[in-house]
Amino acid sequence: MGIRRNQLTMMIKPASAACNLACDYCFYLDEAHSREHAVFPIMEDDVVQAVIKKSLDEAKHCQFVFQGGEPSLAGLGYFKRFVQLVQEYRKEDSTVSYAFQTNGLRLDAEWARFFKEHDVLVGLSFDGSPRLHDLHRFDSQRRGSGRSVASALSLLQQEGVQFNVLSVVTDALAQNIRQAYTYLVNHGVFYHQYIACMDPLQGGKQFLSAQVYGRFLKELFDLWFSSFQTGRPVSIRFFDNLVGMLAGYPPESCDMGGVCSANYVVESSGDVYPCDFYCLDDQHLGNIVVDPFARLDQKRTELRFIEDSPNRIDECASCPWRFLCRGGCKRYRTQEGYRFCTSMQEFFPYAIERLQLVAGQVSGPKEKSV
């Protein structure tokens with residue numbers, strides 16, 4: 001075995017694209033329907049063992065991130081077995097962490113105790129408040145799920161589980177962000193992620209306009225900055241990354257780096273793809289059961305997935321906000337450029353002085369050079 005890399009993140013879809021909701025804006029279901037095989041069966045044990053053993057052989061620290069579809073459909077027994085196998089295969093110098101993105105509908109006290117016991121960071125998909133949530137997140141009978149997810153949120157809090165709330169930004173959420181933000185904060189949620197809704201791959205309904213998104217960013221920033229000033233800070237991933245970048249640190253969110261990173265998404269079949277946003281037939285890297293990481297990496301290079309990812313249009317190269325925006329995630333781009341370019345050009349002049357103020361305060365005074 002060669003030199004092990006320091007860190008490896010494996011995004012795992014144990015239930016493939018299967019879900020107990022039928023959200024009308026779901027990007028992954030849209031991707032799945034663009035493949036020859038849309039939804040695969042629940043991940044078999046040989047795939048589980050290959051993911052764990054090869055990952056621990058490959059890196060000193062492994063982060064296993066479970067997503068879907070809805071990963072809880074694999075059953076709690078799947079995840080107990082996964083953790084057991086990790087303990088069996090891990091090496092003396094190995095460290096492991098877990099994350100779990102869920103719609104919350106199947107969570108109960110046993111799930112919550114499992115998350116707590118194994119330090120699983122849970123991402124709860126919840127669009128700000130039950131009323132806003134139900135506009136897009138419903139089941140196949142178009143019954144809303146907001147109240148059930150709010151109950152799951154309370155359960156995670158009661159059991160002391162680490163979690164954050166992930167909200168998909170649509171025009172409706174953007175235009176009601178004060179209501180959503182206030183609801184979350186009043187319910188003791190201080191770790192938020194807001195993800196701009198993606199357009200369908202083959203075109204169709206747009207759920208978020210650039211104009212509305214620009215206004216959303218400004219209003220959300222005002223709320224975030226006010227919380228910071230009053231001593232009750234709220235973590236919002238996008239703003240946290242901007243503050244860190246202004247303080248001289250690289251962004252931790254891959255969509256803010258300006259270039260794609262080396263990721264591995266493992267479908268329940270064992271098929272591997274370079275990104276959650278590109279689990280498509282023409283982006284297939286191989287299969288974790290039969291292919292070593294070197295072959296997966298070679299296929300990614302052949303596809304030029306990383307090499308062709310920077311935004312190289314002329315307008316982007318000359319933009320004064322490129323050092324923070326970096327051209328946006330390529331999944332939000334067309335041949336004309338970044339879909340939210342005008343949103344960012346509206347937001348950054350509005351927020352930059354206050355972002356710099358926060359960056360100065362959280363990084364502390366710098367020592368004078370000799």
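Preceding this paragraph is the structure being described.
Residues numbered from 1 in each chain as written. Predicted model: local features only at pLDDT ≥ 70, side-chain atom pairs only at ≥ 80, totals over all residues. Heavy atoms only, no water.

## Side note on the packing of helix H2 (residues 45–58) against helix H3 (residues 76–89)
For clarity, the threshold we go by: Axes, fitted as lines to C-alpha atoms, cover a helix only where it is in contact. Angles between the N-to-C directions of the axes lie from 0 to 180 degrees. Secondary structure counts use DSSP, requiring at least four H or I residues in a row for a helix and at least two E residues in a row for a strand, with both numbered from the N terminus. For a crossing to be left-handed, the near helix must be turned anticlockwise from the far one by less than a right angle; the clockwise case is right-handed. Any two residues whose heavy atoms approach within 4.5 Å are treated as being in contact. Residue polarity is assigned by list, with Asp, Glu, Lys and Arg as charged and Ala, Val, Leu, Ile, Met, Phe, Trp, Tyr, Cys and Pro as nonpolar; anything else, Gly included, falls into the polar class.
Their axes nearest at 10 Å, the elements H2 and H3 cross at an angle of 40°. The handedness of the crossing between H2 and H3 comes out as right-handed. In contact with Asp45, Val48, Gln49, Ile52, Lys53 and Leu56 of H2, H3 contributes Tyr78, Arg81, Phe82, Leu85, Val86 and Tyr89. Residues belonging to the contact of H2 with H3 are distributed by class as follows: eight nonpolar, one polar and three charged.

## Digging into the pattern of salt bridges
Test applied: Here, a salt bridge means any side-chain nitrogen of Lys or Arg that lies within 4 Å of a carboxyl oxygen of Asp or Glu. The cut-offs for exposure are 20% and 50% of the maximum accessible area for each residue type, with area from a 1.4 Å probe on protein chains only; residues under the lower value are buried, those over the upper are exposed, and the others partly exposed.
Counting across every chain of the model gives 19 salt bridges. In this structure, the salt-bridge partner of Asp45 is Arg81, at a minimum N-O distance of 3.0 Å. Remark: Arg81 occurs in helix H3 and Asp45 occurs in helix H2; sequence separation between them is 36 residues. Two residues, Asp308 and Arg304, come together in a salt bridge whose shortest N-O distance is 3.1 Å. Residue classification places Asp308 among the partly exposed residues on the basis of a relative accessible area of 42%. By relative accessible area, Arg304 is classed as partly exposed at 43%. Among the charged side chains, a salt-bridge network with shared partners connects Arg5, Glu58, Asp297 and Arg300.

## What about the packing of aromatic side chains?
The test is simple: Whether two aromatic rings pair depends on their centres lying within 6.5 Å, for rings of Phe, Tyr and Trp, where Trp uses its six-membered ring; planes under 30 degrees apart make the pair stacked, over 60 edge-to-face, and the rest tilted. Cation placement over rings: the criterion is NZ of Lys or CZ of Arg within 6 Å of the ring centroid and within 35° of the ring normal.
Here the structure, examined in full by the defined rule, presents 36 aromatic pairs. Measuring from centroid to centroid gives 5.7 Å for Phe100 and Trp111, while their planes differ by 50°, and the two rings are tilted. Of this pair, Phe100 sits in strand E3 (residues 95–102) while Trp111 sits in helix H4 (residues 109–117), placing them eleven residues apart in sequence. Overall, Phe100 belongs to the buried group, its relative accessible area being 3%. Judged by its relative accessible area of 5%, Trp111 is buried. Ring plane angle 50° and centroid distance 5.7 Å describe the contact between Phe238 and Phe239, whose orientation is recorded as tilted. In this structure Phe239 comes out as buried when scored by relative accessible area, which is 0%. Through successive ring pairs, a cluster of aromatic residues spans Phe64, Phe66, Tyr78, Phe79, Phe82, Tyr98, Phe100, Trp111, Phe114 and Phe115. Above the face of the Phe225 ring, Arg354 is positioned so that its terminal group lies 5.5 Å from the ring centre.

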